[in-house]
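As a plain string of letters, each chain reads:
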Amino acid sequence: MRVRVAVNGFGTIGKRVADAVVRQPDMELVGVAKTRPSFEARRAVEKGYRLFLAGTGQRSEFEAAGLPVAGTLADLLRESDIVVDAAPEKVGAENRKLYAEERKPAIYQGGEKAGVAEASFNALGNYEACRGKKSLRVVSCNTTGIARAGAVLSAAYGIEQWEVTLVRRASDPAETKKGPINGILPTFHLPSHHGPDAQTIFPGLPITTTAVVVPTTLMHVHVNHVRLQRPPREGRELIERFRSTPRFHLFAPWERAEGTPQVMEFARDRGIGHNDMMENVLWEEGVRLEGQDAYFFQGIHQESIVVPENIDAIRAIFDLAPDAAHSIAMTDRALGLPAPRPGA
Ligand code: NAD
């Protein structure tokens, strides 16, 4: 079966998900819906993607720009088996009734409240529980990073208590209406919403999160302190555990990746996706074990980490893979993400 996929909202996340769908052997991109002509709409047409009118989009505006329009969002939905909503946060919830009218399963993004969908989703975290659902919400970039690490740590060692400080990028690189400003902004909502959001994947996870916003556009960084129930004998084991899990990338000390600028330079050199870093990024030097207490930093590329998760969410809804591991391997192979290298 090849699932016919619609993407509604063609911005930072939508354009990446559309490109990822095109690469999957069991999926087909029917088209993308946009509200306005833009360089992104032009790229969609240049790539051969059919453009449909989203929201209050006007056919005349697209035609004036020389961009052909194949129909409305309703037309796109009718031709598709599922829609991935990648509209701005809270607009996904407004779009829900349109998907219901056409009786189409839908995937929402992390900017929506958890109640928008039947379940929140993370491939390593809760793929099995999400099979056959009619709607899923791929959790936000930060929660995706937490959920992946949580899946590894809880399965291998058990988590007694986990504290995360999120150092958040001020805005995405293409953003012009907000930040980065010359300052460090504490998030006074305590604990931050990320912990409860991670609990939508792992109910009862003993996690607390706090956050600050800093003047950068290059990735978030999480500072983690986890008390493990059954810790490994040494920190090296922890490193190997992460390395042998898909969607984790570890930098060795000799690689001299001091921080996020080098990680993004590596991503540009590697050239996957939109020069993306879809994996959780760990620095070997930044992983430490002291008794039961594990410490590690992880870098999160906000613009791309959720992209493979959207693909696995589609597979979970249509039950296209025998299990999470098969779906993850299929997604990552198609995207060009390296397979895990145990013991490297
Ligand atoms: P974006 O602003 O880059 O893109 C959204 C696109 O949707 C824009 O092209 C916009 O014109 C279009 N749009 C506006 N109204 C629409 C409507 N009614 N119907 C369809 N499209 C409409 O936003 P984004 O960063 O891609 O975020 C999309 C979702 O993904 C949000 O829920 C966000 O919270 C989540 N998310 C964003 C990031 C990130 O860092 N950018 C990371 C993870 C999750």
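Residues numbered from 1 in each chain as written. Predicted model: local features only at pLDDT ≥ 70, side-chain atom pairs only at ≥ 80, totals over all residues. Heavy atoms only, no water.

Engineer: Just checking my understanding: could you explain the overall build of the protein for this structure?
Structural biologist: Counting secondary structure elements, the protein contains 12 helices and 16 strands. Its C-alpha atoms give the protein principal-axis dimensions of about 65 × 45 × 40 Å. Here the protein, with 344 residues, has 53% of them falling under the buried criterion. Put simply, of all contacts in the protein between residues at least 6 apart along the chain, 72% involve residues at least 24 apart. Surface exposure of the protein reaches about 15,200 Å², of which carbon and sulfur atoms provide 52%. (Helix = DSSP H or I, 4+ residues; strand = E, 2+ residues; numbered from the N terminus. Buried < 20%, exposed > 50% of the residue type's maximum accessible area, 1.4 Å probe, protein only. Contact = heavy atoms within 4.5 Å. Areas by Shrake-Rupley, 256 points an atom, 1.4 Å probe, with all protein chains shown as cover.)

Engineer: Looking at this model, I keep getting lost on the environment of Phe266. Mind explaining?
Structural biologist: Structurally, the position occupied by Phe266 is in helix α10 (residues 260-270). Look at Phe266 and you get partly exposed, because its relative accessible area is 24%. Separated by 11 residues in the primary sequence, Phe266 and Met277 have C-alpha atoms spaced 8.6 Å apart. Setting aside residues no more than four positions away along its own chain, Phe266 makes contact with His249, Phe251 and Met277.

Engineer: Honestly, the site of the ligand in this entry has me stumped. Any pointers?
Structural biologist: Around the ligand there are 23 residues in total, and Thr12, Ile13, Gly111, Asp172 and Gln302 lie nearest to it. Thr12 is positioned with one of its side-chain polar atoms (N or O) 2.8 Å from an oxygen atom of the ligand. One of the backbone N or O atoms of Ile13 is found 2.8 Å from an oxygen atom in the ligand. Protein chains bury 81% of the 830 Å² of accessible surface belonging to the ligand in isolation. (Near = heavy atom within 4 Å. Polar contact = N/O pair within 3.5 Å; in protein donor to acceptor, adjacent residues only side chain to side chain.)

Engineer: Just checking my understanding: could you explain the pairing of strand β12 (residues 220-228) for this structure?
Structural biologist: If a strand is regular, its side chains alternate between the two faces of the sheet. Bridge count for strand β9 (residues 159-169) against β12 is 8 bridges, and the pairing is antiparallel. Directly across from Trp162, in β12, lies its bridge partner Val226. Here 8 bridges tie β12 to strand β16 (residues 293-300), and the two strands are oriented antiparallel to one another. Bridge pairing links Val226 to Ala294 in β16. (Pairing = 2+ DSSP bridges.)

Engineer: Please explain the sheet that holds strand β8 (residues 135-138) as it appears in this structure.
Structural biologist: Strands in a sheet are paired, the pairing made by backbone hydrogen bonds, and the direction either parallel or antiparallel. Read across the sheet, 8 strands follow the order β4-β3-β2-β1-β5-β6-β8-β7 without closing on themselves; strand pairing throughout is parallel. In this open sheet, the two edge strands, each paired with only one partner strand, are β4 (71-72) and β7 (119-121). Bridging between strand β1 (residues 3-8) and strand β5 (residues 82-85) involves 4 bridges; their strand directions are parallel. Bridging from a neighbouring strand, Asn8 pairs with Asp85 of β5. Sitting on the sheet, helix α11 (residues 307-318) is in contact with β1, β2 (27-34), β5, β6 (106-108), β7 and β8, with an inclination near 160° to β8. (Axes fitted to C-alpha atoms, helices over the stretch in contact; angles between N-to-C directions.)

That's the geometry; what it means functionally is another story.
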